[in-house]
Number of protein chains: 2
Amino acid sequence: MAATMKDIAKRTGLGLATISSYFNGGNVREKNRVKIEEAIEELHYEVNEVARGLKTNATKTIGVVIPELNNTFCAEIITEMEDVLRSHGYATIVCDCRTDKKLERDAVEFLSRKRVDGIINMPVDTEGTHLKKFQKTGKPIVLIDRKIQDLSCDSVLVDNEKAAEDAMRVFFQAGHRKIGIIGGPEEISTAQERLQGYRSAYEKQNLPIQESLIYHGDYTIQGGVKGLEKLVTDNPDMTAVFVTNYEMTMGAVIGVNELGLKIPEQLSLIGFDNLQFARACNPKLTIVAQPTPGIAREVAGIMLKRLEEGEGEEKERITEKLGAEIITGRSVRVI
Amino acid sequence: MAATMKDIAKRTGLGLATISSYFNGGNVREKNRVKIEEAIEELHYEVNEVARGLKTNATKTIGVVIPELNNTFCAEIITEMEDVLRSHGYATIVCDCRTDKKLERDAVEFLSRKRVDGIINMPVDTEGTHLKKFQKTGKPIVLIDRKIQDLSCDSVLVDNEKAAEDAMRVFFQAGHRKIGIIGGPEEISTAQERLQGYRSAYEKQNLPIQESLIYHGDYTIQGGVKGLEKLVTDNPDMTAVFVTNYEMTMGAVIGVNELGLKIPEQLSLIGFDNLQFARACNPKLTIVAQPTPGIAREVAGIMLKRLEEGEGEEKERITEKLGAEIITGRSVRVI
DNA sequence: ATGAAAGCGCTAACAC
DNA sequence: GTGTTAGCGCTTTCAT
C-alpha cells in the first residue's frame, strides 16, 4: 500500500495537522520541514488526491464533452485547453460522444458522478437538456463554438456569418456568380450561421439564390465527397464551391480528384480550417481559418476564472465572439 | 449540496447498508427497492464516485500519456480506446506531453496522485524512468507503439521493419534505385525500425546504401517539408522518397508542391498513415497504413484484462505485434 | 434482507 | 507552530 500522511506523522513524530499544513503552504518549522521531506522521500509518499477531493469537495478535474475527438478542430482545441488547465493543476477528462445526443447525455452524467469541478462542452444537443441537471450543482459550464439559446452559461463562439460572407466576397470579386455551398447539419448553429452568411452575401449582390446550389452535409469527410459530387452533377454552370468545415473540405478535394476536375480551371474552391492541409493541396487552397488556439485559450481562461470566483452570486454571462481569417491560396480563378 | 446516501436512508427509513447494497447489485426487498428509487428520483441523487474511490481504492479511471494529441495517429487511437474503456465504466484522463520528457514525467506523477487504476503510454522517454515509480504500485501499464527495453510491462506494437521493407519493395519493383527516406527521431524505436526496414531492403537488393538519401526528421509537418527540400537538393538523381509518418508525409507533399515538382513524373512518393489524406492528394498517394483501430482495441483490451485480474502473481507479459498494410495509389512511377 | 458502526486519507476547526 | 479530533460519502464486516 501507498504511504499516507499518518505514516509520515508516525515517522516524524509530528501531528497530522503539521503534515497537512506543510502540503498546503502553511508555516512549518525549518527543522520539521526537513524531517517531513526526508520521510516523504523514504516512504515515496504522494498526496492522495481522491481523499483530498472528498474532503474539499473539489476534484481539480474538468470534464470536456465533444462530438468527435477525431476532428482536427476539436483535437486542436483540446490540446491547447488541456495545456492551460493542467498548468493550473486541473486534469481534464475528455469524452467523445460520437455526435450522438444520447452518448452526450451519458457523458455529462458520467462526469457528474465523477464530481468534476466544471464542464466544457461543444454541444450536439442544441436544446441543452443534457446540461440542465449539472447546472443545478452550481458548477461552471463553458460552451465552445455552439450556443444554446435557453441555457444561461458562458460561451466562446466564432463569427461564422461574417466568416462565410468574407469567403463569398472573395468569389464575387473574382467574378463568380454560380457558387455552391457544402453546408453542415441544419440543426447545428455554426452551420446555420455559415449558411446565413452565404445567403446574405448573395443578397448584398442583389443576386437570386439557387437552392440547387445548397447542399446540407454532415461535417464528415464522406459528406464532403458526396456533397461535391452532387453539386457538380446538379449544376453544370456552377464555377465555385464553398465548403464549411475541415472534414468536408478534405472530402471535397477528394471528390474533385476522383472526378478528375482541375482546380481552379474547372472549379474554384474555398475550404475551411487547417492551414497545413491547404498548403498540401495543389494548388494551395484558399481557406477560412478559425482562431482555434484563441478559442481554446479563451475557454480555458473563462473556466479558470469561474472556478476561482466560486459559486458566488449570479454572475454576468460571458459570450465571447472571435473572428476568422481568410488565408489566400490559388484555388480561386479570376473570371 | 448534492444528496448523499444518508439522505436516502433517512427518506426511506432504511439503513445505509441497504442503500449501498441496492447500488451494488445486492438483494433488496421489492418494496424497499421501490422506495429507494423514489427517493433517488426526488432527491436527484447521484453516486459520488470520489467517495467510492477512496473507500474501494479504485478510481475507475485510466491515465493516458501521449506525445501529441494533435497527431492523427494518437488522436485516432485515443478516440477508439476511450470508447472501449468508457463502455466498461472507465474514464480516461489524457495528458499530452508535447513530446517532452520532463512533461511526460510530470504527467505520470500527476496521474499517480490522482490514483488512476492504470496507465497507457506512448513513451517519449525511451528509458522508461518516468514509469518506474508508478510501476511499484503494482497497477498495470500498457505501452503503445514503442517498446521500452528494461521495463517489464505489456505493449502493443506494429511491425515497423516489415512495413518499411514492404514499401521499399514497391519502389524497387517499379525500377527505382535511388530512394530517399524521411525518417523519425533517432531515439524513437519506431523510427529505428522503419529505418532498419529501409536498410534491409537495400541489402536484400545487394545495393549500396547512400547516407545522403537518409534524412532524420522529427515526425512533424515542418520536419517533412524540410526533409523533402534537403533530400531533393542533395540528391539530384533521387527518383523516389519514402516518408515514415503521417505528419511528415503531409509536410513532404507540401514541399513537393512548393518546389513545383510533379508526382510521380519527377518524384515518386510513398507516405504513411491516413488513407483520407492520401485520397485527397492528386494523384492519390500510395501509403503504408497502420492498423490504428486494431492497436487501440488491443491496448484497451489488455488494460481491461489486467484490471480485472487484479494485482495477482507476476503474469506473463504480453507483447502484441500487428502488421501494417500498403494501400496503393498512383504516386509511384514505373521506370 | 437489513442495521450499526468502523474506517478509507485527507482537511480544517479548535485548543494549546 | 503543532496536536487532537471530527467528518467528507461511501463500502463492508458483523450482528440480527
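Cut-off values and rules
- Positions within a chain are numbered from 1, following the residues in the order the chain's sequence is written.
- Here chains are named by letter from A upward and ligands by number from 1 upward, in the order in which they appear as written.
- With pLDDT at 70 or above as the cut-off, local features in this predicted model cover only qualifying residues; side-chain atom pairs require 80 or more to be listed or tallied, and sums for whole chains, interfaces and linings still use all residues.
- Computation of side-chain values covers all heavy atoms of the structure but excludes hydrogens and water.
- UniProt positions are given in the numbering used here, feature names are shortened, and annotations may be inferred rather than shown by experiment.
- Strands here mean DSSP runs of E at least two residues long; helices mean DSSP runs of H or I at least four residues long; both are numbered from the N terminus.
- Superposing the copies works by least squares over the C-alpha atoms of residues that have pLDDT at least 70 in both of them.
- Contacts are assigned to residue pairs that have any heavy atoms within 4.5 Å of one another.
- Between the first and last residue of a helix there are one fewer steps than residues, each counted as 1.5 Å, and that sum is the expected span.
- Using a 1.4 Å probe on the protein chains alone, a residue whose accessible area is under 20% of its type maximum counts as buried, one over 50% counts as exposed, and one in between counts as partly exposed.
- A cutoff of 4 Å decides nearness: a residue is near a molecule or strand if any of its heavy atoms lies inside that distance of it.
- In protein, a polar contact requires one atom able to donate a hydrogen and another able to accept it; more generally it is a pair of N or O atoms within 3.5 Å, and residues adjacent in sequence count only if both atoms are side-chain atoms.
- Residue polarity is assigned by list, with Asp, Glu, Lys and Arg as charged and Ala, Val, Leu, Ile, Met, Phe, Trp, Tyr, Cys and Pro as nonpolar; anything else, Gly included, falls into the polar class.

- The name an unreviewed UniProt entry assigns to chain A is LacI family DNA-binding transcriptional regulator, from the organism Blautia aquisgranensis.

### Concerning the UniProt feature "domain: HTH lacI-type" (unreviewed entry) in chain A
Next up, step 1: In this numbering, the UniProt entry assigns the feature "domain: HTH lacI-type" (unreviewed entry) to residues 3-56 of chain A.
Next up, step 2: Secondary structure across residues 3-56 of chain A divides into 70% helix and 0% strand, with the first and last C-alpha atoms of the span separated by 20 Å.

### Things to note about the relation of the copies chain A and chain B
Next up, step 1: Superposing chain A onto chain B takes a rotation of 180° plus a shift of 0.0 Å along the axis, which leaves an RMSD of 0.1 Å. Look at the turn and shift together and you get a two-fold axis relating the two. Relative to the rotation axis, the C-alpha of A:Ile93 is the closest in chain A, positioned 2.4 Å from it.
Next up, step 2: Comparing contact sets, 100% of the residues at the interface of chain A also lie at the interface in chain B, consistent with an isologous, same-surface contact.

### Section: helix 10 (residues 221-234) of chain B
Next up, step 1: The first and last C-alpha atoms of helix 10 of chain B sit 20 Å apart over 14 residues, in line with the 20 Å expected at 1.5 Å per residue.
Next up, step 2: Listed in full, the buried residues belonging to helix 10 of chain B are B:Ile221, B:Gly223, B:Gly224, B:Val225, B:Gly227, B:Leu228 and B:Leu231.
Next up, step 3: Tucked into the core, helix 10 of chain B has its buried residues touching helix 12 (275-280) of chain A together with strand 6 (179-183), strand 7 (214-216), strand 8 (240-243), helix 11 (246-259) and strand 9 (268-272) of chain B.

### Side note on the protein's contact with DNA strand D
Next up, step 1: As a matter of local geometry, DNA strand D sits amid 26 residues, with A:Gly15, A:Asn32, B:Met5, B:Tyr45 and B:Arg52 nearest to it.
Next up, step 2: Sugar plus phosphate: this is where 69% of the atoms of DNA strand D within 4 Å of the protein reside.
Next up, step 3: At 3.0 Å, a backbone N or O of A:Arg29 approaches a phosphate oxygen of DNA strand D.
Next up, step 4: Secondary-structure elements contributing two or more residues to the surface near DNA strand D are helix 2 (16-23) and helix 4 (49-56) of chain A together with helix 1 (5-12), helix 2 (16-23) and helix 4 (49-56) of chain B.
Next up, step 5: No other element matches the 4 residues that helix 4 of chain B contributes to the surface near DNA strand D.
Next up, step 6: Class assignment of the residues belonging to the surface near DNA strand D gives a composition of 11 nonpolar, 10 polar and 5 charged.

### Things to note about the protein's contact with DNA strand C
Next up, step 1: Around DNA strand C lies a shell of 24 residues, among which A:Met5, A:Tyr45, A:Arg52, B:Gly15 and B:Asn32 are the nearest.
Next up, step 2: Sugar and phosphate atoms form 70% of the subset of DNA strand C atoms that lie within 4 Å of the protein.
Next up, step 3: With respect to DNA strand C, the side chain of A:Ser20 contributes an N or O atom lying 3.2 Å from a phosphate oxygen.
Next up, step 4: Of all the secondary structure elements, the ones that give two or more residues to the surface near DNA strand C are helix 2 and helix 4 of chain A together with helix 2 and helix 4 of chain B.
Next up, step 5: Taken together, the residues of the surface near DNA strand C break down into 10 nonpolar, 10 polar and 4 charged.

### Some words on unusual backbone geometry
Residue and element names in this part refer to chain A.
Next up, step 1: Cis geometry is adopted by the peptide bond preceding Pro264, which originates at Ile263 and carries an omega value of 0°.
Next up, step 2: Relative to the elements of secondary structure, Pro264 occurs in the loop between helix 11 (246-259) and strand 9 (268-272).
Next up, step 3: With omega at 0°, the peptide bond leading from Asn282 into Pro283 counts as cis.
Next up, step 4: Checked against the element boundaries, Pro283 lands in the loop between helix 12 and strand 10 (286-289).

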